[in-house]
Amino acid sequence: MTPPPTGPPVDLRSDTVTRPDARMREAMARAEVGDDVLDGDPTMRALEEEVAGLLGTEGALWVPSGSMGNLIALCVHLDRGDRFLAPDRAHILDHEVGTAAWLAGGMPRALPWTAGPGAISPADITRVVGRGGPYFALRDRLLCLENTHNAAGGTVTTPPEHRRLTDAAHAAGLLVHLDGARLWNAAVALGVTPAELAEGADTVQVCLSKGLGAPVGSVVAGDRAFVEEARRVRKMLGGGVRQGGVLAAAGLVALERVDRLAEDHDHARLLAAGLADRGWRTGVPRTNILVLPVDDPQRTVSVLAERGVLTVPTDTGVRMITHCDVSRADILRAVESFPPPG
Ligand SMILES: *Cc1c(COP(=O)(O)O)cnc(C)c1O
């Protein structure tokens, strides 16, 4: 029977709802700061160096959000009217207010998932990239990859698959930007380093404010020339901050928490297994995202909300994301709160 809501809601809407804990707030309070627009902030510099090291890039730049990190990369890589390719339903295509076109001037081309959920193959790239052509042909400049692929349900691309794609893109004359909002999750799920998953990408964006739990912040990384240009574009977009060390300090604590993402992945599998036991048809989540196909997503989301379990409707199902602020008990409560299927 319907369990009555007890305690605060179980919030599975996103891993962005995580709140900074006492240790993170303390690090923020104690952060050494400068003026990062004027002549630099030591804590931001430390964070940027640490992330560049983790990703194996020459440099990195703190940015207020993942969307701004992606936009900065596109602004640097694209000239107005250039085309960029991305797997269908990529965040950069569907969830960033169209800034790729609006501000970076990019003409998008979505590539269908021919190699599994969220996944494209090297042939998909070579097939659509124009080689010369008449004067009115589009100029293909960039491939945008996403690992994990959010809308596909947190699916992962392995290092060899990633390398085949970046090699094909480079052979076709494209640059590669990797939207690695949840690259940390992919690395933990695969048991590889983030650098192995970034290899071959010209630029990478990673979020600190999702599963790692920082209140704000992403980092966009690439070679020295890119970072220099990215700093200019960040300023243009209003993303230059002064005593940003207060925010970067949270990011440094967040980076200590990469390994614990494994627990979120366990919880996502526990959720899927519990729902399967209750008769729902569901696959096994690869990371921390489960998209459960349901007939009436909006209705199911409402029923769950009445029972104190917060989720997000998609076109075809209910999306749930596990994170550090949901416990095993919360997951079991979410499972019990589901209405029977059908
Ligand atoms: C969340 C997310 C972003 C954007 O991050 P914000 O900080 O919310 O702007 C970009 N790409 C993917 C795949 C994401 O999940």
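Residues numbered from 1 in each chain as written. Predicted model: local features only at pLDDT ≥ 70, side-chain atom pairs only at ≥ 80, totals over all residues. Heavy atoms only, no water.

## A look at the overall build of the chain
Here comes step 1: Along the chain, the regular secondary structure elements total 14 helices and 12 strands.
Here comes step 2: The C-alpha radius of gyration of the chain comes to 20 Å, within 12% of the 20 Å expected for a compact globule of 342 residues.
Here comes step 3: Considering the chain as a whole, with its 342 residues, one finds that 52% of them fall into the buried category.
Here comes step 4: Sequence-distant contacts, at least 24 apart, represent 74% of the contacts inside the chain between residues at least 6 apart.
Here comes step 5: As displayed, the chain offers around 15300 Å² of accessible surface, 52% of which is attributable to carbon and sulfur atoms.
Here comes step 6: Charge-centre separation for the chain: the mean point of 35 positive side chains lies 3 Å from the mean point of 43 negative side chains. (Helix = DSSP H or I, 4+ residues; strand = E, 2+ residues; numbered from the N terminus. Rg over C-alpha atoms; globule rule 2.2 N^0.38 Å. Buried < 20%, exposed > 50% of the residue type's maximum accessible area, 1.4 Å probe, protein only. Contact = heavy atoms within 4.5 Å. Areas by Shrake-Rupley, 256 points an atom, 1.4 Å probe, with all protein chains shown as cover. Lys, Arg positive; Asp, Glu negative; His and termini not counted. Charge placed at Lys NZ, Arg CZ, Asp CG, Glu CD.)

## Observations regarding the sheet that holds strand β2 (residues 59-63)
Here comes step 1: If you trace the 7 strands from one edge of the open sheet to the other, you get β2-β8-β7-β6-β5-β3-β4, paired in mixed fashion. The open sheet has two edge strands with one neighbour each: β2 and β4 (107-111). Sheet twist, expressed as the average angle between the axes of neighbouring strands with direction ignored, equals 20 degrees. (Pairing = 2+ DSSP bridges. Axes fitted to C-alpha atoms, helices over the stretch in contact; angles between N-to-C directions.)

## Focus on the site of the ligand
Here comes step 1: Taken together, 13 residues are adjacent to the ligand, and G66, S67, D179, R182 and K210 come closest.
Here comes step 2: Between the ligand and D179 there is a distance of 2.6 Å, counted from a nitrogen atom to a side-chain nitrogen or oxygen.
Here comes step 3: One nitrogen or oxygen atom from the side chain of R182 is found 2.9 Å from an oxygen atom belonging to the ligand.
Here comes step 4: For the ligand, whose accessible area on its own is 380 Å², the fraction buried by protein is 86%.
Here comes step 5: Looking at the shell around the ligand, the element that brings in the most residues is helix α3 (residues 66-77), giving 3 residues. (Near = heavy atom within 4 Å. Polar contact = N/O pair within 3.5 Å; in protein donor to acceptor, adjacent residues only side chain to side chain.)

## Observations regarding the environment of G173
Here comes step 1: With respect to the helices, strands and loops of the structure, G173 is situated in the loop between α7 (159-171) and β6 (175-180).
Here comes step 2: For the pair formed by G173 and V129, sequence separation is 44 residues and the distance between their alpha carbons is 8.8 Å.

## Section: helix α2 (residues 42-55)
Here comes step 1: Its 14 residues give α2 an end-to-end C-alpha distance of 20 Å, which sits within 8% of 20 Å, the value for a rise of 1.5 Å per residue.
Here comes step 2: When we look at burial in α2, the residues that qualify are T43, M44, L47, E48, V51, A52 and L55.
Here comes step 3: At the N-terminal end of α2, a side-chain oxygen is found 3.0 Å from the backbone nitrogen of T43, two or three residues along, and the residue is D41.
Here comes step 4: Positive backbone phi, approximately 70 degrees, marks G56, located one or two places after α2. (Expected span 1.5 Å × (residues − 1).)

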